[in-house]
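Architecture at a glance
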Amino acid sequence: RAKTAGRNTMRFFDPGLQASLEARTLLEAALRRALPEGQLLLHYQAQVNAMGQVVGAEALLRWQHPTRGMVSPMQFISLAEESGLIIPIGGWVLETACAQLNQWEKMPVARGLKLSVNVSARQFRQADFVPQVSEILQRMGTNPALLKIELTESLVLDDVTGTIEKMHALKAMGVRCSMDDFGTGYSSLSYLKRLPLDQLKIDRSFVRDIATDEGDAVIVQTIIGMAHNLGLDVIAEGVETEAQQEFLVRHGCTVFQGFLFSRPLPVAEFESMLENRTSSRCG
Ligand code: C2E
Ligand code: MG
Ligand code: MG
Ligand code: MG
């Protein structure tokens, strides 16, 4: 193809690039079929308080492809955003999360759990994002107070005023908002205090070396202090070791998510984990 396109384009022909573009086109075509063919599912990762009780979960999207196997969101979320597929997929995630909350409300071991759902920038920027959330909650009959939406700093910075408006509308509905991967973006204190947030979520890149890297330790202490000063909850993601948890507790962070407590699990395993934790505490 490069040859027939002429001499000038030939310089740009790169078989490696061509192959990766083709792989991407194939992946996009496969992703387009994932939702109608029922290949998407949610896994749930526990959020645990200082007493070791599971107080919530984060819904994490998984794509179970018949031949590719389990495809990680790292491989397909950006593709879903660029292709616009994140709009129907994101709607499905919200609806499935609400259906799950309804189920959990009927289970003594899971009643009252909050569920955090990741929302991508493109999805949040839709003019009718808030009415969509409201429509889903009403149609599903889900308690809005159990739903938490995770946004990222870059999403907020795209359009601070618009984001603040939407967050206020969500808050008025009873839905909570959390700032995901906090610390990796460029949030300034001045507009952070204008955002009607409920929670800051410390990015796991800072948690990882908390016990050995002085810089990360200071960043984490600063984030916890900021959250407290702004009257926000704070949660740490990616907690893998007792030493990390111990540091976080010592500096005032009381909710954790990470492999130390549980990996993201299919719903049946998540529910057995809840039952095991409950029975081992009582018995
Ligand atoms: P995130 O929202 O920051 O989610 C946390 C990620 O950290 C998850 O990766 C989780 O499996 C991983 N994680 C949790 N605890 C630990 C730990 O202790 N150690 C380590 N090393 N990792 C841990 P996952 O499931 O691969 O998701 C990656 C990203 O994909 C998410 O990052 C989120 O940005 C995006 N994503 C996932 N589900 C959705 C979704 O439904 N919608 C949108 N828009 N994005 C999603
Ligand atoms: Mg998240
Ligand atoms: Mg995160
Ligand atoms: Mg993250």
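Refer to the structure printed above.
Throughout what follows, the structure given in this document is the object of discussion. As the structure is a prediction and not an experimental result, all values here were calculated from the model.

Definitions and cut-offs
Residues numbered from 1 in each chain as written. Chains lettered and ligands numbered in written order. Predicted model: local features only at pLDDT ≥ 70, side-chain atom pairs only at ≥ 80, totals over all residues. Heavy atoms only, no water. Helix = DSSP H or I, 4+ residues; strand = E, 2+ residues; numbered from the N terminus. Contact = heavy atoms within 4.5 Å. Expected span 1.5 Å × (residues − 1). Buried < 20%, exposed > 50% of the residue type's maximum accessible area, 1.4 Å probe, protein only. Salt bridge = Lys/Arg side-chain N within 4 Å of Asp/Glu carboxyl O.

Description of the environment of Pro144
Looking at the element boundaries, Pro144 is found in the loop between helix H6 (129-140) and strand S5 (147-152). With 106 residues separating them along the chain, Pro144 and Arg250 place their C-alpha atoms 32 Å apart. Other than its neighbours up to four places away in sequence, Pro144 contacts Leu137, Met173, Gly174 and Val175.

A short note on helix H11 (residues 214-229)
Taking 1.5 Å of rise per residue, the 16 residues of H11 would be expected to cover 22 Å, and the 22 Å separating its terminal C-alpha atoms lies within 8% of that figure. Along H11, the residues that are buried comprise Asp216, Ala217, Val220, Ile223, Ile224, Met226 and Ala227. The inward-facing, buried residues of H11 contact strand S6 (176-182), helix H9 (189-192), strand S7 (199-202), helix H10 (204-208), strand S8 (233-236) and helix H12 (242-250). Trailing H11 by a residue or two, Gly231 shows a phi angle of about 75°, which is positive.

Observations regarding the pattern of salt bridges
For side chains bearing opposite charge, pairing can occur when the charged atoms are close. Taken as a whole, this structure holds 10 salt bridges when the rule is applied. One salt bridge in this structure joins Glu28 and Arg32, with 2.9 Å as the shortest N-O distance. In this pair, Glu28 and Arg32 both sit in helix H2 (residues 15-34), four residues apart, roughly one turn of the helix. By relative accessible area, Glu28 is classed as partly exposed at 25%. You can call Arg32 partly exposed: its relative accessible area is 45%. Salt-bridge contacts for Arg125 lead to Asp158; the nearest nitrogen and oxygen are separated by 2.5 Å. Within this pair, whereas Arg125 is found in helix H5 (residues 121-125), its partner Asp158 is found in helix H7 (residues 153-158), the two being separated by 33 residues in sequence. The partly exposed category is assigned to Arg125, whose relative accessible area is 46%.

Some thoughts on unusual backbone geometry
Even without glycine at this site, Asp181 takes up a positive phi of about 50°. Within the secondary structure, Asp181 sits in strand S6. Note on Asp181: relative accessible area 25%, which makes it partly exposed.

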